[in-house]
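# Inside the fold
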Amino acid sequence: MSAEVSLPGVPLRAEEVTAGYGGDPVIRGISVRVQPGQVISLVGPNGSGKSTLLKSLVGVVRISSGTVAIGDREVTNLPPEEVARAGVGYVPQVDDVFAPLTVKENLEMGGYLLHHKQVAERIGRVLAVFPRLSAMLGRGAGKLSGGERKMLAMGRVLMLDPGVFLLDEPTANLAPKIATELLEEHVRGLATSGASVLIVEQRARAVLAISDRTYVLGGGEVRMEGTPAELSASPEFVDSFLGGGHSRTVRSAEG
Ligand SMILES: Nc1ncnc2c1ncn2[C@@H]1O[C@H](COP(=O)(O)OP(=O)(O)O)[C@@H](O)[C@H]1O
Ligand SMILES: [Mg+2]
(Lines give C-alpha, C1' and ligand atoms only; values in the text may rest on other atoms or scores of the structure.)
(Ligands and ions follow the chains in the order given, each with its own letter.)
Protein backbone atom coordinates (compact mmCIF):
# COMPACT_ATOMS: atom_id res chain seq x y z
CA MET A 1 0.00 0.00 0.00
CA SER A 2 1.40 3.38 -0.87
CA ALA A 3 2.09 5.48 2.19
CA GLU A 4 0.37 8.64 0.96
CA VAL A 5 -3.11 7.13 0.84
CA SER A 6 -5.12 8.20 3.86
CA LEU A 7 -8.33 6.41 4.80
CA PRO A 8 -11.02 7.83 7.09
CA GLY A 9 -11.11 5.43 10.02
CA VAL A 10 -14.27 5.19 12.13
CA PRO A 11 -14.64 3.12 15.32
CA LEU A 12 -16.90 0.06 15.34
CA ARG A 13 -18.53 -0.92 18.61
CA ALA A 14 -20.59 -4.09 18.96
CA GLU A 15 -22.13 -4.64 22.40
CA GLU A 16 -23.54 -7.97 23.59
CA VAL A 17 -24.68 -9.04 20.15
CA THR A 18 -26.94 -12.08 19.99
CA ALA A 19 -28.02 -13.16 16.51
CA GLY A 20 -29.00 -16.10 14.35
CA TYR A 21 -31.05 -17.40 11.49
CA GLY A 22 -34.49 -17.63 13.09
CA GLY A 23 -34.09 -20.61 15.42
CA ASP A 24 -31.82 -20.68 18.46
CA PRO A 25 -29.22 -17.91 18.41
CA VAL A 26 -25.96 -18.85 16.68
CA ILE A 27 -23.87 -16.18 18.44
CA ARG A 28 -24.53 -14.95 21.96
CA GLY A 29 -23.51 -11.82 23.83
CA ILE A 30 -20.51 -10.92 21.68
CA SER A 31 -18.83 -7.55 22.27
CA VAL A 32 -16.08 -6.34 19.95
CA ARG A 33 -14.47 -2.93 19.50
CA VAL A 34 -12.28 -1.76 16.66
CA GLN A 35 -10.53 1.63 16.59
CA PRO A 36 -9.14 3.44 13.53
CA GLY A 37 -5.65 2.19 12.76
CA GLN A 38 -6.28 -1.18 14.38
CA VAL A 39 -6.51 -4.70 13.03
CA ILE A 40 -8.74 -6.79 15.27
CA SER A 41 -8.96 -10.48 14.41
CA LEU A 42 -11.46 -13.25 15.05
CA VAL A 43 -10.31 -16.85 15.10
CA GLY A 44 -12.13 -20.03 16.07
CA PRO A 45 -13.07 -23.44 14.74
CA ASN A 46 -15.41 -23.96 11.81
CA GLY A 47 -19.00 -23.33 12.79
CA SER A 48 -18.10 -21.19 15.81
CA GLY A 49 -20.04 -18.21 14.44
CA LYS A 50 -17.33 -15.98 12.97
CA SER A 51 -19.09 -15.36 9.67
CA THR A 52 -22.42 -15.01 11.45
CA LEU A 53 -20.94 -12.25 13.61
CA LEU A 54 -19.72 -10.31 10.57
CA LYS A 55 -23.09 -10.80 8.85
CA SER A 56 -24.91 -9.54 11.93
CA LEU A 57 -22.74 -6.40 11.95
CA VAL A 58 -23.68 -5.57 8.34
CA GLY A 59 -27.40 -6.26 8.56
CA VAL A 60 -27.42 -9.58 6.70
CA VAL A 61 -28.29 -11.63 9.81
CA ARG A 62 -30.86 -10.36 12.27
CA ILE A 63 -29.69 -9.24 15.73
CA SER A 64 -32.15 -10.25 18.47
CA SER A 65 -30.40 -8.30 21.23
CA GLY A 66 -27.40 -6.04 21.51
CA THR A 67 -26.24 -3.02 19.52
CA VAL A 68 -23.84 -2.11 16.72
CA ALA A 69 -22.49 1.42 16.30
CA ILE A 70 -20.28 2.94 13.61
CA GLY A 71 -18.83 6.07 15.12
CA ASP A 72 -21.77 7.88 16.70
CA ARG A 73 -24.34 6.19 14.52
CA GLU A 74 -26.26 3.12 15.68
CA VAL A 75 -26.73 0.73 12.76
CA THR A 76 -28.24 -2.30 14.52
CA ASN A 77 -30.39 -4.26 12.05
CA LEU A 78 -30.28 -1.57 9.37
CA PRO A 79 -30.45 -2.95 5.83
CA PRO A 80 -27.02 -3.80 4.35
CA GLU A 81 -26.98 -0.83 1.96
CA GLU A 82 -27.60 1.53 4.89
CA VAL A 83 -24.76 -0.04 6.83
CA ALA A 84 -22.56 0.39 3.75
CA ARG A 85 -23.61 4.04 3.56
CA ALA A 86 -22.69 4.42 7.24
CA GLY A 87 -19.12 3.49 6.28
CA VAL A 88 -18.76 -0.27 6.58
CA GLY A 89 -17.05 -2.18 3.77
CA TYR A 90 -17.82 -5.89 3.97
CA VAL A 91 -15.84 -8.46 1.98
CA PRO A 92 -17.61 -11.82 2.27
CA GLN A 93 -15.71 -15.08 2.03
CA VAL A 94 -17.31 -16.10 -1.26
CA ASP A 95 -19.10 -14.18 -4.00
CA ASP A 96 -16.75 -11.30 -3.35
CA VAL A 97 -16.39 -10.16 -6.97
CA PHE A 98 -18.50 -10.40 -10.12
CA ALA A 99 -16.51 -12.98 -12.08
CA PRO A 100 -18.07 -12.29 -15.51
CA LEU A 101 -17.27 -8.56 -15.31
CA THR A 102 -13.90 -6.90 -15.83
CA VAL A 103 -11.82 -5.50 -12.99
CA LYS A 104 -12.88 -1.97 -13.96
CA GLU A 105 -16.55 -2.91 -14.12
CA ASN A 106 -16.28 -4.49 -10.68
CA LEU A 107 -14.85 -1.26 -9.30
CA GLU A 108 -17.60 0.75 -10.99
CA MET A 109 -20.19 -1.56 -9.41
CA GLY A 110 -18.50 -0.98 -6.05
CA GLY A 111 -19.15 2.71 -6.56
CA TYR A 112 -22.87 2.29 -7.21
CA LEU A 113 -23.80 4.74 -4.45
CA LEU A 114 -21.50 7.45 -5.85
CA HIS A 115 -22.08 10.33 -8.20
CA HIS A 116 -20.79 9.43 -11.63
CA LYS A 117 -17.96 11.96 -11.52
CA GLN A 118 -16.60 10.53 -8.25
CA VAL A 119 -16.18 7.07 -9.73
CA ALA A 120 -13.03 7.74 -11.78
CA GLU A 121 -11.38 9.53 -8.87
CA ARG A 122 -12.12 6.65 -6.51
CA ILE A 123 -10.86 4.09 -9.01
CA GLY A 124 -7.62 6.07 -9.07
CA ARG A 125 -7.35 5.74 -5.32
CA VAL A 126 -8.06 2.00 -5.40
CA LEU A 127 -5.19 1.65 -7.88
CA ALA A 128 -2.92 3.64 -5.56
CA VAL A 129 -3.75 1.19 -2.76
CA PHE A 130 -3.59 -1.93 -4.97
CA PRO A 131 -1.11 -0.99 -7.75
CA ARG A 132 -1.15 -4.56 -9.01
CA LEU A 133 -4.68 -4.01 -10.36
CA SER A 134 -3.60 -1.13 -12.61
CA ALA A 135 -2.48 -3.36 -15.44
CA MET A 136 -5.58 -5.54 -15.15
CA LEU A 137 -8.48 -3.13 -15.52
CA GLY A 138 -9.74 -4.76 -18.71
CA ARG A 139 -9.28 -8.33 -17.54
CA GLY A 140 -12.19 -10.53 -16.51
CA ALA A 141 -12.34 -10.82 -12.72
CA GLY A 142 -12.77 -14.58 -13.12
CA LYS A 143 -9.31 -14.74 -14.72
CA LEU A 144 -7.41 -13.18 -11.81
CA SER A 145 -5.21 -15.18 -9.45
CA GLY A 146 -6.61 -15.82 -5.98
CA GLY A 147 -4.55 -13.04 -4.43
CA GLU A 148 -5.44 -10.54 -7.16
CA ARG A 149 -9.09 -11.44 -6.81
CA LYS A 150 -8.99 -10.63 -3.08
CA MET A 151 -7.31 -7.30 -3.85
CA LEU A 152 -10.16 -6.57 -6.25
CA ALA A 153 -12.74 -7.55 -3.62
CA MET A 154 -11.11 -5.20 -1.11
CA GLY A 155 -10.76 -2.52 -3.79
CA ARG A 156 -14.42 -2.85 -4.66
CA VAL A 157 -15.49 -1.99 -1.10
CA LEU A 158 -12.81 0.72 -0.93
CA MET A 159 -14.75 2.56 -3.67
CA LEU A 160 -17.25 3.77 -1.05
CA ASP A 161 -14.53 5.10 1.26
CA PRO A 162 -15.44 2.92 4.25
CA GLY A 163 -14.16 3.77 7.71
CA VAL A 164 -14.41 0.13 8.75
CA PHE A 165 -13.43 -2.99 6.80
CA LEU A 166 -14.92 -6.38 7.69
CA LEU A 167 -12.96 -9.16 5.98
CA ASP A 168 -14.14 -12.77 6.11
CA GLU A 169 -11.20 -15.15 5.61
CA PRO A 170 -9.52 -13.16 2.84
CA THR A 171 -6.71 -15.70 2.55
CA ALA A 172 -8.88 -18.82 2.18
CA ASN A 173 -7.50 -20.94 -0.69
CA LEU A 174 -4.37 -18.82 -1.11
CA ALA A 175 -0.89 -20.31 -0.99
CA PRO A 176 0.82 -19.57 2.36
CA LYS A 177 3.29 -17.06 0.92
CA ILE A 178 0.58 -15.13 -0.94
CA ALA A 179 -1.62 -15.24 2.17
CA THR A 180 1.10 -13.77 4.36
CA GLU A 181 1.80 -11.04 1.80
CA LEU A 182 -1.87 -10.13 1.54
CA LEU A 183 -2.17 -9.90 5.33
CA GLU A 184 1.05 -7.98 5.94
CA GLU A 185 0.92 -5.63 2.98
CA HIS A 186 -2.73 -5.04 2.34
CA VAL A 187 -4.78 -5.90 5.41
CA ARG A 188 -2.30 -4.29 7.80
CA GLY A 189 -1.87 -1.57 5.19
CA LEU A 190 -5.55 -0.58 5.36
CA ALA A 191 -5.18 -0.02 9.11
CA THR A 192 -1.85 1.78 8.73
CA SER A 193 -3.60 4.15 6.33
CA GLY A 194 -6.19 4.87 9.01
CA ALA A 195 -9.06 2.41 8.57
CA SER A 196 -10.56 0.16 11.25
CA VAL A 197 -10.18 -3.49 10.26
CA LEU A 198 -12.01 -6.51 11.66
CA ILE A 199 -10.79 -9.74 10.07
CA VAL A 200 -11.84 -13.39 10.38
CA GLU A 201 -8.96 -15.78 9.70
CA GLN A 202 -8.14 -19.48 9.84
CA ARG A 203 -4.41 -18.77 9.73
CA ALA A 204 -4.03 -17.93 13.40
CA ARG A 205 -0.28 -17.52 13.42
CA ALA A 206 -0.21 -15.26 10.38
CA VAL A 207 -3.10 -13.10 11.51
CA LEU A 208 -1.75 -12.67 15.04
CA ALA A 209 1.36 -11.18 13.46
CA ILE A 210 -0.70 -8.27 12.07
CA SER A 211 -3.29 -7.93 14.87
CA ASP A 212 -3.60 -5.46 17.71
CA ARG A 213 -6.03 -7.76 19.50
CA THR A 214 -7.61 -11.14 18.80
CA TYR A 215 -10.91 -12.67 19.88
CA VAL A 216 -11.35 -16.43 20.00
CA LEU A 217 -14.85 -17.67 19.25
CA GLY A 218 -16.15 -21.06 20.28
CA GLY A 219 -19.73 -22.25 20.13
CA GLY A 220 -21.01 -18.76 19.30
CA GLU A 221 -19.35 -17.04 22.26
CA VAL A 222 -16.07 -15.25 22.95
CA ARG A 223 -13.90 -17.83 24.75
CA MET A 224 -10.66 -15.86 24.99
CA GLU A 225 -9.35 -12.48 23.93
CA GLY A 226 -6.07 -10.69 24.18
CA THR A 227 -3.12 -9.15 22.45
CA PRO A 228 -1.01 -11.42 20.23
CA ALA A 229 1.61 -11.55 22.99
CA GLU A 230 -0.96 -12.55 25.61
CA LEU A 231 -2.50 -15.26 23.44
CA SER A 232 0.89 -16.59 22.36
CA ALA A 233 1.71 -17.04 26.04
CA SER A 234 -1.48 -19.03 26.69
CA PRO A 235 -0.88 -22.80 26.50
CA GLU A 236 -4.56 -23.33 25.70
CA PHE A 237 -4.42 -20.93 22.76
CA VAL A 238 -1.12 -22.32 21.51
CA ASP A 239 -2.40 -25.89 21.65
CA SER A 240 -5.63 -25.06 19.86
CA PHE A 241 -4.47 -22.56 17.25
CA LEU A 242 -0.72 -22.48 16.87
CA GLY A 243 -0.24 -26.21 16.40
CA GLY A 244 1.31 -27.15 19.74
CA GLY A 245 4.08 -25.54 21.74
CA HIS A 246 6.83 -25.45 19.14
CA SER A 247 6.71 -21.72 18.53
CA ARG A 248 6.61 -19.02 21.14
CA THR A 249 6.71 -16.10 18.75
CA VAL A 250 3.94 -15.45 16.30
CA ARG A 251 6.14 -13.70 13.76
CA SER A 252 8.60 -16.49 13.19
CA ALA A 253 6.50 -18.63 10.89
CA GLU A 254 3.47 -18.46 8.69
CA GLY A 255 0.22 -20.22 9.33
N1 LIG B 1 -27.81 -19.50 6.48
C2 LIG B 1 -27.81 -20.23 7.62
N3 LIG B 1 -28.93 -20.73 8.15
C4 LIG B 1 -28.91 -21.45 9.28
N5 LIG B 1 -27.80 -21.73 9.99
C6 LIG B 1 -26.64 -21.24 9.52
C7 LIG B 1 -26.57 -20.47 8.32
N8 LIG B 1 -25.28 -20.13 8.11
C9 LIG B 1 -24.58 -20.66 9.13
N10 LIG B 1 -25.39 -21.33 9.98
C11 LIG B 1 -24.98 -22.04 11.21
O12 LIG B 1 -24.41 -21.13 12.10
C13 LIG B 1 -23.30 -21.71 12.78
C14 LIG B 1 -22.10 -20.82 12.65
O15 LIG B 1 -21.73 -20.74 11.28
P16 LIG B 1 -20.69 -19.68 10.76
O17 LIG B 1 -21.02 -18.35 11.32
O18 LIG B 1 -20.65 -19.80 9.28
O19 LIG B 1 -19.33 -20.21 11.42
P20 LIG B 1 -17.81 -19.92 11.05
O21 LIG B 1 -17.77 -18.75 10.11
O22 LIG B 1 -17.14 -19.67 12.35
O23 LIG B 1 -17.29 -21.17 10.41
C24 LIG B 1 -23.11 -23.10 12.18
O25 LIG B 1 -23.68 -24.04 13.04
C26 LIG B 1 -23.87 -23.03 10.89
O27 LIG B 1 -24.40 -24.29 10.57
MG1 LIG C 1 -17.01 -18.55 8.17
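Keep in mind the model is a prediction, meaning the values are calculated, not measured.

The rules behind each value
- Residues numbered from 1 in each chain as written.
- Chains lettered and ligands numbered in written order.
- Predicted model: local features only at pLDDT ≥ 70, side-chain atom pairs only at ≥ 80, totals over all residues.
- Heavy atoms only, no water.
- Near = heavy atom within 4 Å.
- Polar contact = N/O pair within 3.5 Å; in protein donor to acceptor, adjacent residues only side chain to side chain.
- Areas by Shrake-Rupley, 256 points an atom, 1.4 Å probe, with all protein chains shown as cover.
- Nonpolar A, V, L, I, M, F, W, Y, C, P; charged D, E, K, R; others polar.
- Core = buried A, V, L, I, M, F, W, Y, C linked by side-chain atoms within 4.5 Å.
- Buried < 20%, exposed > 50% of the residue type's maximum accessible area, 1.4 Å probe, protein only.
- Contact = heavy atoms within 4.5 Å.
- Pairing = 2+ DSSP bridges.
- Helix = DSSP H or I, 4+ residues; strand = E, 2+ residues; numbered from the N terminus.
- Axes fitted to C-alpha atoms, helices over the stretch in contact; angles between N-to-C directions.
- Expected span 1.5 Å × (residues − 1).
- Salt bridge = Lys/Arg side-chain N within 4 Å of Asp/Glu carboxyl O.
- Lys, Arg positive; Asp, Glu negative; His and termini not counted.
- Phe/Tyr/Trp six-rings, centres within 6.5 Å; stacked < 30°, edge-to-face > 60°.

This brings us to the site of ligand 1. In the vicinity of ligand 1, the contacting residues are Y21, V26, P45, N46, G47, S48, G49, K50, S51 and T52. The separation between an oxygen atom of ligand 1 and a polar main-chain atom of G47 is 2.8 Å. Here S51 contributes a backbone N or O atom positioned 2.9 Å from an oxygen atom of ligand 1. Contact with the protein chains removes 54% of the 560 Å² of surface that ligand 1 exposes when unbound. Considered class by class, the residues forming the shell around ligand 1 number three nonpolar, six polar and one charged.

All right, on to the nonpolar core then. Membership of the largest hydrophobic core comes to 49 residues, with the highest contact counts inside it found for F130, L152, F165, L167, V187, V197 and F237. Contacts of V197, omitting those with residues within four sequence positions, involve V34, Q38, V39, I40, F165, L167, V187, L190 and A191. Among the nonpolar cores identified, the runner-up in size contains 29 residues, and L53, V75, V83 and L166 belong to it.

Reading across the sheet, the six strands line up as β6-β7-β8-β3-β9-β10 and stay open at both edges, with mixed pairing between neighbours. On the outer flanks of this sheet lie β6 (88-91) and β10 (221-226), each paired with one strand and no other. In this sheet, neighbouring strand axes are inclined to one another by 15 degrees on average, regardless of whether the strands run parallel or antiparallel. As paired strands, β6 and strand β7 (residues 164-168) are joined by four bridges and run parallel to one another. Looking at the pairing, G89 lines up with F165 of β7. Packed on one face of the sheet, helix α1 (residues 50-57) meets β3 (39-43), β6, β7, β8 (196-200) and β9 (213-218) and runs near 150 degrees to β7.

This paragraph deals with helix α4 (residues 116-129). One turn of an α-helix holds 3.6 residues; hence residues three or four places apart share an orientation. An ideal rise of 1.5 Å per residue puts 20 Å on 14 residues; α4 measures up with 21 Å between its terminal C-alpha atoms. Check the buried side of α4 and you find it contacts α3 (103-110), α5 (146-158) and α6 (176-192).

Tallied over the full model, the rule gives 15 salt bridges. In this structure, E225 engages R213 in a salt bridge whose closest nitrogen and oxygen atoms are separated by 3.1 Å. Here the residue E225 occupies a position in strand β10, and R213 occupies one in strand β9, the gap between them amounting to 12 residues. Residue E221 is joined to R223 by a salt bridge in which the shortest nitrogen-to-oxygen separation is 3.6 Å. Judged by its relative accessible area of 30%, E221 falls in the partly exposed class.

For the rest of this paragraph, the subject is the side chain of R156. Checked against the element boundaries, R156 lands in helix α5. Of the side chains with opposite charge, D96 comes closest to the buried, unpaired R156, at an N-O distance of 6.9 Å. When residues no more than four places from it in sequence are discounted, the contact partners of R156 are D96, V97, F98, N106, L107 and G110.

Scanning the entire structure with this criterion turns up one aromatic pair. Relative to F241, the ring of F237 lies with its centre 5.1 Å away and its plane at 35 degrees, an arrangement referred to as tilted. Note that F237 and F241 are positioned in helix α9 (residues 235-241) at a spacing of four residues, about one turn of the helix. Residue F241 is classed as partly exposed on the basis of its relative accessible area, which comes to 24%.

For the rest of this paragraph, the subject is α1. Burial within α1 is extensive, with six of its eight residues counted as buried. Phi turns positive one or two residues past the end of α1, at G59, with a value near 85 degrees.

Relative to the assigned elements, G20 resides in strand β1 (residues 12-20). Judged by relative accessible area, G20 falls into the buried class, the value being 15%. In sequence terms G20 and T52 are 32 residues apart; their C-alpha atoms lie 7.3 Å from each other. Contacts of G20, omitting those with residues within four sequence positions, involve P25, V26, V61 and R62.

On to the sheet that holds strand β2 (residues 27-34). Backbone hydrogen bonds are what pair the strands of a sheet, in a parallel or an antiparallel way. One open sheet accounts for four strands, arranged β2-β1-β4-β5; its pairing is antiparallel. At either margin of the open sheet sits one strand with a lone partner, and together these are β2 and β5 (73-74). Two elements, β1 and β2, share five bridges in a ladder whose sense is antiparallel. Each residue of the ladder has a partner; that of A19, found in β2, is I27. The strands touched by α1 are β1, β2 and β4 (62-70); relative to β2, the strand with the most contacts, the crossing angle is about 70 degrees.

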